[in-house]
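In case you want the letters, here they are:
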Amino acid sequence: MTNRLLYLFIASLAAGSASAQSFCIHRGMEVTETREPITFSEHADADYIEVRGATFDLSVTDVTQTSCTLHVTPSNDEVSYYYDICTRETLDGEFHGSVATLIEGYIQRLYAQYGTTFSLEEILAETLSMGADEDDLRGLPAGTEMAFYAMAVDDEGHCVGEPALTFFTTDPAGDPKDCTFTIDVSHVKSDGCLVSISPSDASVPYWYGICAVDEWPGDYAMTTDVSDAIYEYAKEYGISISSVASRVVYTGDISMEESGLNLNTAYYAYCYAMDTETGDALGPVYKERFETLDYDLSNADIALDVKYYDGDALMAAYPERFTSSISGRCYMQVVVKPNPYCYNWAVALAKGDLTDAFTYPEETTKNAVLQGGKLSHEVNNFVCDWSECTLFAFGVDAVGIDGPLQRILITPTRSGVSPVSEFITEVSASSLPIGIPAFSASTGMTPGATSTTMPAADLQSTKLIINNKYNHYEKVHLHSAPGHRRSIHGLGRGR
């Protein structure tokens, strides 16, 4: 990662498409048109108050640092109207205190963007309200005086009558230095992932980015690189640092779908509280490491129905089937239901909590499941102790590409056992679809192994008896020593 790349990315954020909130609209649809001159309404006069006008009772409840609930009650339920909030500074400075100018400008932009697809009537129907209405808003600036307004709008998108206007102030912001962040990276692919961030204080603005581990300069140096890039952009375009910084930060919870990453590469998803006046960090850097995949997963997947039984109860109910080897132990039964993309699958049970994907990487774990688990059986039986264990499972499609690995942490208890009457004692001869070869641990497939199948829902009506050789589970050996992975330099990126 270089400072120039970071600068270019900040430039794309600061100069990118404007959001709905950029036009002081908190409730409306997103608008990406650039600003155009707005003409004052020619219809907001006393003559129209009698025909189309209404008065509005406005109230605000549940005000926090970044959220509130708006309530509007019109005097005439037949009048269509628009209501929203903006900062008082914006209303007074940018729109000269005119609610009509703000609302009509927003409607004009909606029509400019969507008018080729939707009629003005359709746009107004989705935008305006009739009768009493309320809305919960999030993402408001903390400690800020807000203007709450409502005004009647006719069927041509013109404001009518006089607006209702009131003011309130959001709660003061917390100390950014006290804000902590939780970062979760999921749905990892070869070139992307889903990053979710949850701050402890929703009022604190923060910077978020992704950087290849090999390019990470250190926590302090990373924050300096970002603030330097913000300064360079502000200086080049003759604008304030605060105006740039305020456009590249987030507040509250976010979930971002990331793409364009390099395959088989380690990254950090990172964030930290940012001072929007200076672009500097106001607290420590929070990081979550993840690695993109060598290849993309298939859609093959399996649903698991997991039940466990008291070994002693099974011995009493089926003395001819069970030996003393399950006495005092837990007997777990896992029924697999593959989706339409799944042609084979593997299931394994391991002692302890092995759900950490960093300690037990997906590829290594899948190989262990193939070697020590059960392959393509609809009903999978395991004998285990009354202690914490991890269930692994994944499916494979018709061309041999794996689906996602499931890791399910289970702690069986004697109070949670299923009744013996629910135990499945008869299953089909095999679970493989017709003509599909079975797994082998060494090659992945064994040519020529074909059989019939019966859906899991019909298991209880089948006539073939379970083989009496029940496999006691053993801990799956996961070789978690790091391998030599190809390293590709990544781009440090903001939101």
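The structure reproduced in this document is the subject of the present report.

The rules behind the values
Residues numbered from 1 in each chain as written. Predicted model: local features only at pLDDT ≥ 70, side-chain atom pairs only at ≥ 80, totals over all residues. Heavy atoms only, no water. Salt bridge = Lys/Arg side-chain N within 4 Å of Asp/Glu carboxyl O. Helix = DSSP H or I, 4+ residues; strand = E, 2+ residues; numbered from the N terminus. Buried < 20%, exposed > 50% of the residue type's maximum accessible area, 1.4 Å probe, protein only. Pairing = 2+ DSSP bridges. Axes fitted to C-alpha atoms, helices over the stretch in contact; angles between N-to-C directions. Phe/Tyr/Trp six-rings, centres within 6.5 Å; stacked < 30°, edge-to-face > 60°. Parallel < 35°, antiparallel > 145°, perpendicular 65-115°, else oblique. Left-handed = near helix turned anticlockwise from the far one by under 90°. Contact = heavy atoms within 4.5 Å.

### Looking at the pattern of salt bridges
(1) Moving on: Evaluated as defined, the whole model comprises ten salt bridges.
(2) Moving on: For the salt bridge of Arg414 with Asp310, the shortest nitrogen-to-oxygen distance reads 3.8 Å. Note that Arg414 is positioned in the segment after strand E20 (406-410) and Asp310 in strand E14 (residues 302-310), a separation of 104 residues in sequence.
(3) Moving on: By relative accessible area, Arg414 is classed as partly exposed at 47%.
(4) Moving on: Linking Asp402 and Lys366 is a salt bridge whose minimum nitrogen-to-oxygen distance equals 3.7 Å. You can see Asp402 sitting in the loop between strand E19 (389-396) and E20 and its partner Lys366 sitting in helix H9 (residues 362-372), a full 36 residues away along the chain.
(5) Moving on: Residues joined by salt bridges that share partners form a network here, namely Arg88, Asp92 and Glu145.

### Let's talk about unusual backbone geometry
(1) Moving on: One non-glycine residue, His96, adopts positive backbone phi at about 50°.
(2) Moving on: For His96, the position within the fold is in the loop between helix H3 (88-93) and helix H4 (99-114).
(3) Moving on: If you check the backbone angles, Ser376 has positive phi at about 60° while not being a glycine.
(4) Moving on: Summarising the element assignment, Ser376 is placed in the loop between strand E17 (374-375) and strand E18 (379-384).

### A few points about the sheet that holds strand E1 (residues 56-61)
(1) Moving on: Overall, antiparallel pairing links the three strands, which are arranged E1-E2-E5 in an open sheet. For this open sheet the edge positions go to E1 and strand E5 (133-137), each flanked by a neighbour on one side alone. If you compare each strand with its neighbour and ignore which way they point, the axes differ by 15° on average.

### Some words on the packing of aromatic side chains
(1) Moving on: As enumerated under the stated definition, the model contains 18 aromatic pairs in all.
(2) Moving on: Look at Phe56 and Tyr81: their rings are 5.0 Å apart centre to centre, the planes differ by 55°, and that puts the pair in the tilted class. On the criterion of sequence distance, the pair formed by Phe56 in strand E1 and Tyr81 in strand E3 (residues 80-87) is long-range, its members being 25 residues apart.
(3) Moving on: Aromatic side chains Phe181 and Tyr286 sit 5.5 Å apart centroid to centroid with 65° between the ring planes, which places their arrangement in the edge-to-face category. Residue Phe181 is found in strand E8 (residues 181-186), and its partner Tyr286 is found in strand E13 (residues 286-291); the two are separated by 105 residues along the sequence.
(4) Moving on: Grouping aromatic residues by their ring pairs yields a cluster made of Tyr309, Tyr318, Phe322, Tyr331 and Phe423.

### A closer look at the packing of H4 against helix H5 (residues 120-127)
(1) Moving on: Where H4 meets H5, the closest approach of the two axes is 10 Å, and the angle between their N-to-C directions is 130°. With respect to their mutual orientation, H4 and H5 come out oblique. In this structure, H4 crosses over H5, and the sense of that crossing is right-handed. Across from Tyr106, Ile107, Leu110, Tyr111 and Tyr114 in H4, the residues of H5 making contact are Leu120, Ile123, Leu124 and Thr127.

### Things to note about the pairing of strand E6 (residues 145-153)
(1) Moving on: Burial runs high along E6: eight of the nine residues are buried.
(2) Moving on: Pairing geometry for E3 and E6, over seven bridges, is antiparallel. Bridge assignment links Tyr81 to a residue of E6, and that residue is Ala152.
(3) Moving on: The pairing of E6 with strand E7 (residues 159-169) spans eight bridges and is antiparallel.

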